[in-house]
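What follows is the residue order along each chain.
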Amino acid sequence: MAFAGDEGVRYMGAFLITFSAAWALTPVAGRLAHRHGFLDRPGGHSTHATATPTLGGFAIAASFILVGVWAGGADGQLVTVLAGAVMLAVVGALDDRRS
């Protein structure tokens, strides 16, 4: 399926923004995870040999929120959906910190 016209540019832009933001934010999230203790430590259910950062999902969520704002504008429905996504990301990060 070929993308043509303005719609194709918009889809490609959305993909590139999401990919670039995730690529840039994931290492930052890893450093923050180490600094603030958001780590999955070896033992119990974990199969890792060393402590592994758990904020990568937060970086991915931030990337999707960024593209949502860029591609969709800031109407009421989108803001509500994005606010829900932010809440889920925060609760997930706090859960990772606790367990």
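Refer to the structure above for everything that follows.
The following paragraphs examine the structure supplied in this document. Keep in mind that what you see is a predicted model, and the values were worked out from it rather than measured.

## Observations concerning the side chain of aspartate 40
Relative to the elements of secondary structure, aspartate 40 occurs in strand β1 (residues 39-40). Excluding residues that lie within four positions of it along the chain, aspartate 40 makes contacts with His45, Ser46, His48, Thr50, Ala51, Thr52 and Thr54.

## Some points on the packing of aromatic side chains
Each aromatic ring pair is summarised here by two numbers: the centre-to-centre distance and the angle between the ring planes. Applying the stated criterion across every chain yields a total of one aromatic pair. Summarising the aromatic geometry, the rings of phenylalanine 15 and phenylalanine 19 are spaced 6.1 Å apart at their centres and angled 20° between planes, so their arrangement reads as stacked. Of this pair, phenylalanine 15 and phenylalanine 19 are both found in helix α1 (residues 5-36), four residues apart, which corresponds to roughly one turn of the helix.

## Re the nonpolar core
Membership of the largest hydrophobic core is limited to six residues, which are Ala29, Ala33, Phe38, Leu55, Ala59 and Ala93. Leaving out residues up to four positions away in the same chain, phenylalanine 38 has contacts with Ala33, Thr52, Pro53, Thr54, Leu55, Ala93 and Arg97.

## A few points about the environment of leucine 25
Following the sequence through the fold, leucine 25 ends up in helix α1. Note: C-alpha distance between leucine 25 and isoleucine 60 (35 residues apart in sequence) is 7.8 Å. Dropping the residues within four chain positions of it, leucine 25 is found in contact with Ala59, Ala62 and Ser63.

What counts, and where the lines are drawn
- Residues numbered from 1 in each chain as written.
- Predicted model: local features only at pLDDT ≥ 70, side-chain atom pairs only at ≥ 80, totals over all residues.
- Heavy atoms only, no water.
- Helix = DSSP H or I, 4+ residues; strand = E, 2+ residues; numbered from the N terminus.
- Contact = heavy atoms within 4.5 Å.
- Phe/Tyr/Trp six-rings, centres within 6.5 Å; stacked < 30°, edge-to-face > 60°.
- Core = buried A, V, L, I, M, F, W, Y, C linked by side-chain atoms within 4.5 Å.
- Buried < 20%, exposed > 50% of the residue type's maximum accessible area, 1.4 Å probe, protein only.

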